[in-house]
Amino acid sequence: MPLIALTGGIASGKSTIAARLAEHGAVVIDADRIVRDVQAPGSPVLARLATEFGAEMIQPDGALDRARLGARVFGDAEALGRLNAIVHPAVKQESQRRFAAALAADPAAVVVYDVPLLVEARVDDPWDLIVVADAPAAVREERLVHDRGLDRAEAQKRIASQVPDDRRREIADVLIDTDGSLEDTLRQTDALWARLRTAASA
Ligand SMILES: CC(C)(COP(=O)(O)OP(=O)(O)OC[C@H]1O[C@@H](n2cnc3c(N)ncnc32)[C@H](O)[C@@H]1O)[C@@H](O)C(=O)NCCC(=O)NCCS
Ligand SMILES: Nc1ncnc2c1ncn2[C@@H]1O[C@H](COP(=O)(O)OP(=O)(O)OP(=O)(O)O)[C@@H](O)[C@H]1O
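None of the values given here were measured: they were computed from a predicted structure.

Caption draft 1: Looking closely at the overall build of the protein. Along the backbone of the protein there are 10 helices and five strands. Here the C-alpha atoms of the protein give a radius of gyration of 17 Å, agreeing with the 17 Å that 2.2 N^0.38 yields for 202 residues. The dimensions of the protein, computed from C-alpha atoms along their principal axes, are 55 × 40 × 30 Å. A total of 202 residues make up the protein; the buried ones form 27% of that total.

Caption draft 2: Structural context of the site of ligand 1. Taken together, 18 residues lie around ligand 1, and Ile10, Arg66, Gly70, Pro116 and Ser161 are the ones closest in. Here the element with the most residues in the shell around ligand 1 is helix α5 (residues 77–105); it accounts for five residues. For the shell around ligand 1, the residue count by class is 11 nonpolar, four polar and three charged.

Caption draft 3: Quick peek at the packing of helix α2 (residues 31–38) against α5. The geometry of α2 relative to α5 is characterised by a closest axis approach of 9 Å and an angle of 110° between their N-to-C directions. In this view, α2 runs roughly perpendicular relative to α5, as classed from their interaxial angle. With respect to the hand of their crossing, α2 and α5 are arranged in right-handed fashion. Touching Ala31, Ile34, Val35, Asp37 and Val38 of α2 are Val87, Ala90, Val91, Glu94 and Ser95, all from α5. The class makeup of the residues in the contact of α2 with α5 is seven nonpolar, one polar and two charged.

Definitions and limits used
- Residue numbers restart at each chain and count upward from 1, following the sequence in its written direction.
- To label them, take the chains in the order written and letter them from A, then take the ligands in the order written and number them from 1.
- Per-residue local features of the predicted model are confined to residues with pLDDT of at least 70, and side-chain atom pairs are confined, for both listing and counting, to 80 or more; whole-chain, interface and lining totals are unaffected and use all residues.
- Counting from the N terminus, the helices are DSSP H or I runs at least four residues long and the strands are E runs at least two residues long.
- This radius of gyration counts C-alpha atoms alone. The globule rule is 2.2 Å times how many residues there are, raised to the power 0.38.
- Partly exposed residues are those whose C-beta has more than 12 but fewer than 20 other C-beta atoms within 10 Å; 20 or more makes a residue buried and 12 or fewer makes it exposed, with C-beta atoms placed from the backbone.
- Residues are classed as near a molecule or strand if the C-beta position derived from their backbone is within 6 Å of it.
- For this scheme, ten residues count as nonpolar: Ala, Val, Leu, Ile, Met, Phe, Trp, Tyr, Cys and Pro. Four count as charged, namely Asp, Glu, Lys and Arg, and the remainder, Gly too, count as polar.
- To get an axis, fit a line to the C-alpha atoms, keeping to the stretch in contact for a helix; angles then go from 0 to 180 degrees between the N-to-C directions.
- Orientation labels follow simple angle bins: below 35 degrees gives roughly parallel, above 145 gives roughly antiparallel, 65 to 115 gives roughly perpendicular, and whatever is left gives oblique.
- Two helices crossing with the near one rotated counterclockwise from the far one by less than a right angle form a left-handed crossing, whereas a clockwise rotation gives a right-handed crossing.
- C-beta atoms are first placed from the backbone for all residues, and any pair lying within 7 Å is then listed as a contact.

Right under this line is the structure:
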């Protein structure tokens, strides 16, 4: 089972690449999805977040107030570090459980882990291949403002909460340039899939 890490800064196009790989047959495991699952109402992670950041971080329906916690941590490195220390171990454990489940279901599966914070949190794991979606920070900032409706200061804080682009490029086995058209990104993704298929049958 090849285990592939797909990383990139916020709004670099990871989801676009992951969706295309899934169409080809890859099993995609999404770290942002796991984050939400381990923070579900009633979870131990959510209880620790309330202790650390205040009960007002929990909404009346029991769910995490994501906008409120985001406003608290992005732009405050110390608070972000405390958030990461609570959430990341649970995400690591759950992701490894999902990799094992994918392997058990199909030993030949190509498993792709869509993970924004690879350099920051998981670079030393035993990946067979590291794929990096790469678009300049200025382009990603525009996408956050125009496509996702973040205000500019918020977008800049999120980008600044992650390592700079060159740190991701340094660890890339495959770099997908996501600064062009969507068709360009899909073409590069198809080429990656062809490479994975060839490696699997060799
Ligand atoms: C702070 C929270 C509640 C904000 O939630 P929100 O719904 O606004 O954002 P969402 O979770 O969808 O994340 C969107 C993007 O923000 C970036 N981001 C999220 N968390 C972080 C972080 N701790 N450091 C840097 N960038 C981050 C990623 O690029 C991610 O894809 C949430 O992001 C969170 O709990 N983050 C901590 C867990 C984490 O590190 N997640 C990143 C992947 S493991
Ligand atoms: N060449 C391109 N490749 C990929 N995405 C592009 C491209 N041009 C524009 N986009 C747009 O950029 C946005 C990238 O968002 P996407 O959700 O794929 O990024 P992401 O890396 O998964 O973000 P996040 O870290 O927030 O999960 C999408 O709205 C997509 O349509």
